[in-house]
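Fold and contact review
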Amino acid sequence: MGGSNLWTSLYFLGNRIRPESTRMSIDLNHPYFDEKAHNRGFWQYFFLRTIATLFTGVNFSMLDSTTLCKVRETGGQYGRQRLWATLGSAIASPLTGGLVDLMSRWRGFADYSITFYISDFLILLTMLSLFKVELLIEKAEDKFVKNVQRLIKLPDVDVFIVMMIVLGSMWGFIESFLFIFLKDLESPTYLLGLTVTASSITGIPFMYSSKWIMNKVGEINLIILAFLTYAVRLVGYSLIHNPWLCFPFEIMEIITQHLMATASATYCAAAAPVGLLATLTGLVGGAHYNIGRGTGSYLGGYFISIFGLRLSFQYMGTISAIAGITYAALHFSCLRKFERRRNNETEMTTVFDRKNQKIDDRDEIQYSTIWDPNYVQSNQLK
């Protein structure tokens with residue numbers, strides 16, 4: 001839930017922000033409040049945060065593409081690779097939350113700077129690690145625009161991308177406003193980190209066995225389940241009055257985040273034409289992490305300004321349920337036939353390639369044995 005740091009930071013930006021019935025307001029009468037410094041700091045942070053969020057969304061997509069390529073190359077499992085990212089979240093979130101509380105008590109005000117320093121250090125380590133990764137990518141025959149046009153002509157892929165935007169909106173709403181909601185319930189800062197830890201730790205066994213889950217449930221069925229689970233989460237949050245009661249709904253991130261991301265990546269690997277895996281993964285990732293996330297944050301802010309926090313959570317949950325039911329109806333009524341047709345074509349292509357490979361291997365063996373001295377000598381003795 002790293003995106004929520006924006007709103008938790010803004011929560012203390014004016015030294016104190018007080019919740020009202022329909023909106024968040026700054027205590028202008030606070031003795032240490034400086035309006036000019038506040039406005040200047042807000043817009044500086046807003047500019048830097050926008051750039052950081054933009055590149056973060058791109059990085060998510062590129063890391064997914066990189067992971068999928070390495071999994072194909074080594075014969076690994078995508079879910080087990082994401083398991084390590086989940087474990088990192090479980091460790092880093094409570095650690096940084098505790099450090100924020102410690103630094104805040106030491107300095108006498110809410111200080112979130114330590115989280116940015118740790119984040120920059122970890123990003124630097126990631127960059128250095130990626131320089132050592134050897135990556136082989138299938139190159140498409142056409143240029144980027146033609147590749148995108150080829151993908152757009154696939155009806156099931158088009159609907160899938162739209163649905164990933166809606167899922168991203170749900171994720172963006174929760175990332176942006178859940179921590180504000182918990183702070184309204186007088187949640188301690190370390191609890192915010194524990195919410196991420198709870199969902200990460202409980203998700204580890206599911207990530208390890210994600211391939212078995214995909215085979216049993218199916219990628220699209222998991223996406224539909226993610227919509228319905230988001231609906232339960234969002235409505236559930238709106239009904240609690242104790243911040244500690246958020247944990248049952250946070251654990252549901254097993255479906256809405258961990259398994260959903262694995263299902264999305266697996267779907268891209270199966271649906272992408274030859275040489276377009278990175279392109280499709282980038283489109284889906286951009287739809288979810290950038291367009292969807294931004295839409296959810298903007299729509300959520302608009303809802304909150306009119307209806308307040310609790311009703312906004314309920315309305316977003318209703319939208320998620322409607323989207324899930326709609327996708328299920330579209331998939332089982334007409335989209336599934338396009339997937340079956342593509343899968344049959346892929347299987348036929350694979351069988352054809354294997355037959356050609358066997359012929360090539362047999363010709364190579366016959367050619368090599370002619371010039372093998374042992375082969376020639378054994379035949380002379382006969």
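Residues numbered from 1 in each chain as written. Predicted model: local features only at pLDDT ≥ 70, side-chain atom pairs only at ≥ 80, totals over all residues. Heavy atoms only, no water.

Let us now look at the packing of aromatic side chains. The geometry of an aromatic ring pair comes down to the distance between the two centres and the angle between the two planes. Per the stated rule, a full pass over the model turns up 14 aromatic pairs. Both rings, one in Tyr237 and one in Phe313, keep their centres 6.0 Å apart while their planes meet at 75°; by these two values the pair is edge-to-face. Placement of Tyr237 in helix α9 (residues 219-239) and of Phe313 in helix α13 (residues 309-370) is noted, with a sequence separation of 76 residues between them. Look at Phe313 and you get buried, because its relative accessible area is 0%. (Phe/Tyr/Trp six-rings, centres within 6.5 Å; stacked < 30°, edge-to-face > 60°. Helix = DSSP H or I, 4+ residues; strand = E, 2+ residues; numbered from the N terminus. Buried < 20%, exposed > 50% of the residue type's maximum accessible area, 1.4 Å probe, protein only.)

The contact between helix α3 (residues 78-107) and helix α11 (residues 253-271) brings their axes to 10 Å, and the two run at 140°. When the axes of α3 and α11 are compared, the pair comes out oblique. Read as a crossing pair, α3 and α11 show a hand that is right-handed. Counted together, Tyr78, Gly79, Arg82 and Thr86 of α3 and Gln257, His258, Ala261, Thr262 and Ala265 of α11 form the full contact between these two elements. Residues belonging to the contact of α3 with α11 are distributed by class as follows: three nonpolar, five polar and one charged. (Axes fitted to C-alpha atoms, helices over the stretch in contact; angles between N-to-C directions. Parallel < 35°, antiparallel > 145°, perpendicular 65-115°, else oblique. Left-handed = near helix turned anticlockwise from the far one by under 90°. Contact = heavy atoms within 4.5 Å. Nonpolar A, V, L, I, M, F, W, Y, C, P; charged D, E, K, R; others polar.)

Here we take up α11. Compared with an ideal rise of 1.5 Å per residue, which puts 19 residues at 27 Å, α11 spans 25 Å between its outermost C-alpha atoms and is within 8% of the ideal. Most pronounced at Met260, the bend in α11 amounts to some 35°. (Expected span 1.5 Å × (residues − 1). Bend = angle between axes of the 7 residues up to and from the residue.)

To continue, consider the side chain of Ser169. Tracing the sequence through the fold places Ser169 in helix α6 (residues 155-184). The residues contacting Ser169, other than those within four sequence positions of it, are Gly292, Arg293, Thr295, Gly296 and Met316.

Right, let's talk about the packing of helix α8 (residues 210-217) against α9 for a bit. Look at α8 against α9: their axes get within 7 Å of each other, and the N-to-C directions meet at 95°. Between α8 and α9, the angle is such that the two are roughly perpendicular. The residues of α9 that touch α8, namely those facing Ile213, Met214 and Val217, are Glu219, Asn221 and Leu222. Of the residues in the contact of α8 with α9, the class split is four nonpolar, one polar and one charged.

Another point: the environment of Gly218. Its location among the elements puts Gly218 in the loop between α8 and α9. Separated by 49 residues in the primary sequence, Gly218 and Tyr267 place their C-alpha atoms 9.3 Å from one another.

With that settled, the discussion passes to the nonpolar core. With 62 residues, the main nonpolar core has Ile223 and Tyr327 as its most contacted residues. Put simply, the parts of the chain that give this core at least two residues each are α6, α7 (189-208), α8, α9, α10 (247-250), α11, α12 (277-307) and α13. When residues in this core are grouped by element, the largest group, 16 residues, is from α6. Every residue in contact with Ile223, bar those within four places of it in the chain, is listed here: Phe160, Met164, Leu167, Met260, Ala263, Ser264 and Tyr327. (Core = buried A, V, L, I, M, F, W, Y, C linked by side-chain atoms within 4.5 Å.)

Bringing unusual backbone geometry into the picture now. Unlike most non-glycine residues, Glu186 shows phi in positive territory, near 60°. Along the chain, Glu186 turns up in the loop between α6 and α7. Assessed through its relative accessible area of 69%, Glu186 is described here as exposed.

What follows concerns the environment of Thr195. Following the sequence through the fold, Thr195 ends up in helix α7. In the structure, Thr195 is positioned 102 residues away from Ser93 in sequence and 8.4 Å away in space, judged by C-alpha atoms. There is a polar contact of 2.5 Å between the side chain of Thr195 and the backbone oxygen of Leu192. (Polar contact = N/O pair within 3.5 Å; in protein donor to acceptor, adjacent residues only side chain to side chain.)

What follows concerns the pattern of salt bridges. According to the stated counting rule, one finds two salt bridges in the structure shown. Across the pair Arg233 and Glu250 runs a salt bridge, and its minimum N-O distance is 3.0 Å. Of this pair, Arg233 sits in helix α9 while Glu250 sits in helix α10, and the two are 17 residues apart along the sequence. On the basis of relative accessibility, which here comes to 0%, the residue Glu250 falls in the buried class. One salt bridge connects Glu253 with Arg233, and the closest N-O pair in it is separated by 3.8 Å. Of the two residues, Glu253 is situated in helix α11 and Arg233 in helix α9; the sequence distance between them amounts to 20 residues. For Arg233, a relative accessible area of 1% gives the class buried. Members of the salt-bridge network, linked through shared partners, are Arg233, Glu250 and Glu253. (Salt bridge = Lys/Arg side-chain N within 4 Å of Asp/Glu carboxyl O.)

By themselves, these observations are geometric and do not establish any function.
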